[in-house]
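Structure at a glance
Here is what each chain is made of, one letter per residue.
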Amino acid sequence: MAEAYPWQENLWQQLASRQQYAHAYLLHGPAGIGKRDLAERLMARLLCHKPGLDACGDCKGCHLLAAGTHPDRYELKPAEDKKTVGVDDIRELISFVSKTAQLGGRKVVLVAEPPAEDMTLAASNALLKSLEEPAGETILLLLSHQPSRLLPTIKSRCVLQACPLPSRSQSEAFLKSRLPELGEAECSELLALSAGSPLTALRLHVAGVRDQRAAVVDGVKKLLKQQAGASQLAEGWKALPLPMLFDWFCDWAQLMLRYQLTRDENGLGLEDMRKVVQYLADKTPQPKLLAMQDWLLQQRQKVLGKANLNSVLLLEALLVQWASLPTAR
C-alpha cells in the first residue's frame, strides 16, 4: 500500500471526499515530495469496490492491485530499450483505454516514471486524444516535476493539482525517522542538497551523495589552486550524474551573483563552498559571471532534455571556464 505522508493529509481529505472525478489529473510539484505515493494511493481508492477514506484492502480489486495483476490498472512506461515514452508506447495506452474495464468499474492510467514532461513531443501530441476523450470511466493520473515543460494543450486537458511541500520540521522529522544514525547537521545538509524534498534527501543519502559532493568540492578547490587540471577532474567525474553536477555549479554561480549584489555573508550556501563562493564573487567581474551562468543554464537544459552529450568533454568545458573566472583587479 502506498505510504501516506503527513504533509499530504489535507489534500488527501479533499481528493477522497469527492463524489465524482475528472478524467485526468496532473499532480505537480518538486521531485521527492511523495507525488508517486499520492497517485498510487488515489489509484487504489479509485479501483477499490468499497472504498472509505482509503481503499478497503479486502475486495477483489484491492487483492489484484496488491498482487500487481489488476487488469484495469495501466502504467505508461517507455519500452525497455528507450529512456523516454514514445509514440509506440502511447499506441499501447490507447489500446488499453479503448477497452471496457474487465472488473466492471474504473480504469486508471498512471504516468509517473519518467514524469509526463519527459515524453517526446510526438508522444505528447499522440496522448492528447486520450486526455480529451477517454473511453468509458477511465481516469488518467499524470505526474510532473516541471509542468512548465509540458505542452499547454496537455495541461489544459487536465485538472491541475499542486502537491503540497512539507514544512522544514516535517522534512526533518521524516529524515530522522528513516535515518536515525544521522546527526542534525547531516540531515540539514541532505535537505539543502535536495531543495527541501525529504524523499529526494533519502535517495541522495542511499546514493552516497555527501561523499560525491565532498569529492567534487575538493576537485574544484584543487582546480582553482592549479593542483588539478580540468581534463583530469572531468575524467574522474564522468560516473557522477550530470544533472546533479550542473545543479551544483548553477547554484554556486547564483550564490556568487547574490553575494556581489548584497554582500550578505549569510547567503553563501553550504559551509563546504562558502569561502570559494566568496572568493570567486570577489575576483570575478559581474559580466563574466553572468555569461558563465547563461552558459551553465543552457547546458543544464540540454542535460535535462537528455541530449546526446559527451559528458567528459562537457565537464572539461565547464571546468576550463570555471578556472578562468577569477580575474586580477
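A quick note: this is a predicted structure, and the numbers were derived from the prediction, not measured.

Some words on the overall build of the protein
A tally of helices and strands in the protein yields 15 helices and five strands. Across the 329 residues that make up the protein, the buried fraction comes to 44%. Here the protein displays about 16400 Å² of accessible surface, and carbon together with sulfur accounts for 51% of that area. Between the mean site of the 39 positive side-chain charges and the mean site of the 36 negative ones, the protein shows a separation of 3 Å.

Digging into the confidence of the model for the protein
Across the protein, the average pLDDT comes to 93, with 99% of residues at or above 70. Least confident of the elements in the protein is helix α5 (residues 121–132), whose mean pLDDT is 86; most confident is helix α2 (residues 35–47), at 97.

Section: the sheet that holds strand β3 (residues 107–111)
An order of β2-β3-β4-β1-β5 is seen for the five strands of this open sheet, with the pairing classed as parallel. Either end of the sheet is taken by a strand with one partner, and the two such strands are β2 (73–75) and β5 (159–162). For this sheet the average axis-to-axis angle between neighbouring strands, irrespective of direction, equals 20°. In terms of strand pairing, β3 meets strand β4 (residues 138–144) through five bridges, oriented parallel. Within β4, the position partnered with Val-111 by the bridge is Leu-142. Packing against the sheet, helix α4 (residues 87–98) makes contact with β2, β3 and β4, and its axis sits at approximately 160° to β3. In this fold α5 packs onto β1 (24–28) and β4, with an angle of close to 135° to the strand it touches most, β4.

Conventions and cut-offs
- Residues numbered from 1 in each chain as written.
- Predicted model: local features only at pLDDT ≥ 70, side-chain atom pairs only at ≥ 80, totals over all residues.
- Heavy atoms only, no water.
- Helix = DSSP H or I, 4+ residues; strand = E, 2+ residues; numbered from the N terminus.
- Buried < 20%, exposed > 50% of the residue type's maximum accessible area, 1.4 Å probe, protein only.
- Areas by Shrake-Rupley, 256 points an atom, 1.4 Å probe, with all protein chains shown as cover.
- Lys, Arg positive; Asp, Glu negative; His and termini not counted.
- Charge placed at Lys NZ, Arg CZ, Asp CG, Glu CD.
- pLDDT = per-residue confidence, 0-100.
- Pairing = 2+ DSSP bridges.
- Axes fitted to C-alpha atoms, helices over the stretch in contact; angles between N-to-C directions.
- Contact = heavy atoms within 4.5 Å.

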